[in-house]
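Chain by chain, the residues:
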Amino acid sequence: MAESTTISNTENLMKYMGLDQKGYSMAEYIWIDGQNGVRSKTKTLDKPCKDVSELSEWNFDGSSCGQAPSGDSDVYLRPVAIYPDPFRGGDNILVMCECWDHDGTPNKFNYRHEAARLMNANSKQEPWFGLEQEYTLLGLDERPYGWPKGGFPAPQGPYYCAVGTGRVYCRDIVEAHYKACLFAGIKISGINAEVMPGQWEFQVGPCEGIELGDHLWMARFMLHRVAEEFGVIITFAPKPVAGDWNGAGLHTNVSTADMRKDGGLKTIESMMGKLEKRHVEHMEVYGEGNAERMTGEHETASMEKFSWAIANRGSSVRIPRQCAAAGKGYFEDRRPASNADPYRITGMMMETLFGGLPDEKMSK
């Protein structure tokens, strides 16, 4: 028996993980719920699945996930992407799903559907995205892991990209998550310890189009799943600790074919005006609780006013210095909070830069 309700007894579990599955495989259907979190349940497959088109729709109780009323609670899962399962191994898979209602319309929390339509409509732009996911690890007391009980660690300064006891916490979870993502084929491009102790970041991308949202959501699922085995809580709250501590963001790097061409810096600069005009609409989908983070301090811009600059981490949008020197590349939107939905971020970005779908807006 496990020592707590959250920590698995790995030694006992491993006796069963290697058992022959007699030709069957397990598919973990994963979806985004009504609270911007992830849920999952497992289906037995008669044979290994090689392509997402081989999988059937499934359903779940939407009233228990904040996605439907109890009197009409069936919500349907439509598989959209599959990944090798790093937890079960073998032919078992993780399945990213969209949520649909019984009448054949996307569930109101299905932001992927519209984002995918926007990506398809603007596919000639060849949009690349890279997102920097910051998060904080908490103990069961819901305080940042490693912080002294009833007190605070030394002020910020020695923790960013640090090594050594007393400067970094939970590296084992971070490393396990990194390896799990690589095994599953997630385009994770790096990790680092962040400014606040107990806070880390992983990066996903570059990915083209809708793939970014799929990979980031799957990476979030796997982070929760890994931390579960260590008895640690993951929070994507944008300001997990009040006071003189950095918040957590989801910095969004954007590049298109024209931005990557020689002279693409002019294209990047021309896009700043478009972003400024829709600043309010962007902030509406850039995460809950973002006002607590975007105060103009701790490497953030003011939430009320749009700004952009070269190499300035205190601006809404930063153009990296190397891109300015090369005259092409990408820009970094530093406004999204760590808990923002990547489908909404990237869909809104495409709508603002290239125009939306007829009679539809991502902000609605």
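Located above this text is the structure these notes cover.
Predicted, not measured: the structure shown is a model, and the values here were computed from it.

So, about the pattern of salt bridges. Enumeration according to the criterion identifies 17 salt bridges in this entry. One salt bridge connects Lys-149 with Asp-141, and the closest N-O pair in it is separated by 4.0 Å. Of the residues examined, Lys-149 reaches a relative accessible area of 75% and is grouped as exposed. The exposure class assigned to Asp-141 is partly exposed, which follows from its relative accessible area of 44%. Between Glu-351 and Arg-278 there is a salt bridge, with its nearest N and O atoms 2.8 Å apart. Pair noted here: Glu-351 is in helix α10 (residues 342–354) and Arg-278 is in the loop between α6 (264–277) and α7 (279–284), with a separation of 73 residues, a long-range link. Take Glu-351 and Arg-278: they sit in the same class, and that class is buried. One connected set of salt bridges, linked through shared partners, spans Glu-28, Asp-85 and Arg-88.

On the surface, Asp-61, Asp-72, Asp-74 and Asp-103 cluster together into a patch of negative charge. Note on placement: Asp-61 falls in strand β3 (residues 58–61). Among the residues examined, Asp-61 registers a relative accessible area of 35% and is labelled partly exposed.

On to the environment of Asp-341. One can find Asp-341 in the loop between β13 (331–333) and α10. Spatially, the C-alpha atoms of Asp-341 and Gln-199 are 19 Å apart, while their sequence positions differ by 142 residues. Not counting the four nearest positions on each side in its chain, Asp-341 is found in contact with Asn-36, Tyr-111 and Trp-217. Within polar-contact distance, the side chain of Asp-341 engages the side chain of Trp-217 at 3.1 Å. A polar contact is formed between the side chain of Asp-341 and the backbone nitrogen of Tyr-343, at a distance of 2.8 Å.

Right, let's talk about the side chain of Arg-293 for a bit. With respect to the helices, strands and loops of the structure, Arg-293 is situated in helix α8 (residues 290–293). The charged side chain of Arg-293 is buried without a salt bridge, its nearest counter-charge being Glu-134 at 5.5 Å. When near neighbours in sequence (up to four residues on either side) are disregarded, Arg-293 contacts Pro-238, Lys-239, Ala-248, Gly-249, His-251, Thr-300, Arg-334, Arg-335, Pro-336 and Ala-337.

This next bit is on the sheet that holds strand β4 (residues 74–84). With mixed pairing, the 5 strands of this open sheet are ordered in space as β2-β1-β5-β4-β3. Edge strands, defined here as strands with exactly one partner in the open sheet, are β2 (38–45) and β3. Ignoring which end each strand starts from, the neighbouring axes of this sheet average 40 degrees apart. Bridge analysis of β3 against β4 gives 4 bridges, and the strand direction is antiparallel. Following the sheet pairing, Phe-60 is matched in β4 by Val-75. With respect to the sheet, helix α4 (residues 211–230) is in contact with β1 (25–32), β2, β4 and β5 (93–100), its orientation differing from that of β5 by roughly 115 degrees.

This paragraph deals with the nonpolar core. The biggest cluster of nonpolar side chains holds 71 residues, and the ones touching the most others in it are Tyr-135, Ile-186, Met-218, Met-222 and Phe-331. Apart from residues no more than four positions distant in its own chain, Tyr-135 is found in contact with Val-174, Gly-198, Gln-199, Trp-200, Glu-201, Phe-202, Leu-223, Ile-234, Thr-235 and Phe-236. Grouped together as the second largest cluster of nonpolar side chains are 15 residues, Cys-49, Leu-55, Leu-77 and Val-95 included.

Moving on to the packing of helix α2 (residues 112–121) against α10. Axes are the key here: two packed helices are described by the angle between their axes and the distance separating the axes. Two numbers describe how α2 lies on α10: the axes approach to 9 Å, and their chain directions differ by 35 degrees. The interaxial crossing formed by α2 with α10 has left-handed handedness. Facing α2, whose interface residues are Arg-112, Ala-115, Leu-118 and Met-119, α10 presents Tyr-343, Thr-346, Gly-347, Met-350 and Glu-351. Residue classes in the contact of α2 with α10 are distributed as 5 nonpolar, 2 polar and 2 charged.

What follows covers the packing of aromatic side chains. One pass over the structure, following the stated rule, counts 7 aromatic pairs. Considering the side-chain rings of Trp-147 and Phe-152, the 5.9 Å spacing of their centres and the 65 degrees angle between planes classify their relative orientation as edge-to-face. Exposure remark for Phe-152: the relative accessible area of 53% places this residue in the exposed category. Measuring from ring centre to ring centre gives 6.4 Å for Phe-152 and Trp-245, while their planes differ by 15 degrees; the resulting arrangement is stacked. Pair noted here: Phe-152 is in the loop between β6 (128–138) and α3 (171–184) and Trp-245 is in the loop between β9 (233–235) and β10 (250–255), with a separation of 93 residues, a long-range link. Three or more aromatic residues joined by ring pairs form one cluster here, namely Tyr-135, Phe-202 and Phe-236.

Calculation criteria
Every chain begins its residue count from 1, and numbering advances along the sequence as written. Whole-chain, interface and lining totals are the exception, using all residues; otherwise, since this is a predicted model, local features are given only for residues with pLDDT of at least 70 and side-chain atom pairs are given and counted only at 80 or more. The basis for the side-chain values is all heavy atoms of the structure; hydrogens and waters are excluded. Counted as salt bridges are all cases of a side-chain nitrogen of Lys or Arg within 4 Å of a carboxyl oxygen of Asp or Glu. When a residue's accessible area, from a 1.4 Å probe over protein chains only, is under 20% of the maximum for its type it is buried; when over 50% it is exposed; and in between it is partly exposed. A run of H or I in DSSP counts as a helix once it spans at least four residues, and a run of E counts as a strand once it spans at least two, with each numbered from the N terminus. Think of a patch as exposed residues, more than 30% relative accessible area, with no salt bridge, where like charges cluster within 9 Å and nonpolar side chains (Val, Leu, Ile, Met, Phe, Trp, Tyr) cluster within 5 Å. Areas reported here follow the Shrake-Rupley algorithm with a probe of radius 1.4 Å; residue values treat only the protein chains shown as occluding. Under the convention used here, Asp and Glu are negative, Lys and Arg are positive, and both His and the chain ends fall outside the count. Throughout, a charge is located at the NZ atom of Lys, the CZ atom of Arg, the CG atom of Asp or the CD atom of Glu. Two residues qualify as a contact provided that any one of their heavy atoms is within 4.5 Å of a heavy atom in the partner residue. Counted as a polar contact is a pair of N or O atoms within 3.5 Å, where, for protein atoms, one must be capable of donating a hydrogen and the other of accepting one, and residues adjacent in sequence contribute only when both atoms are in side chains. Two strands qualify as a pair provided that DSSP identifies no fewer than 2 bridges between them. The convention used is that axes are lines fitted to C-alpha atoms, helices contributing only their stretch in contact, and that angles between N-to-C directions extend from 0 to 180 degrees. Note on terminology: a nonpolar core comprises buried Ala, Val, Leu, Ile, Met, Phe, Trp, Tyr and Cys residues joined through side-chain atoms within 4.5 Å. Less than a right angle of anticlockwise turn of the near helix away from the far helix marks a crossing as left-handed, whereas a clockwise turn marks it as right-handed. Throughout, the ten residues Ala, Val, Leu, Ile, Met, Phe, Trp, Tyr, Cys and Pro are labelled nonpolar, Asp, Glu, Lys and Arg are labelled charged, and all others, Gly among them, are labelled polar. Any pair of Phe, Tyr and Trp rings, taking the six-membered ring for Trp, is counted once the centres come within 6.5 Å. Such a pair is stacked with planes under 30 degrees apart, edge-to-face with planes over 60 apart, and tilted for the rest.

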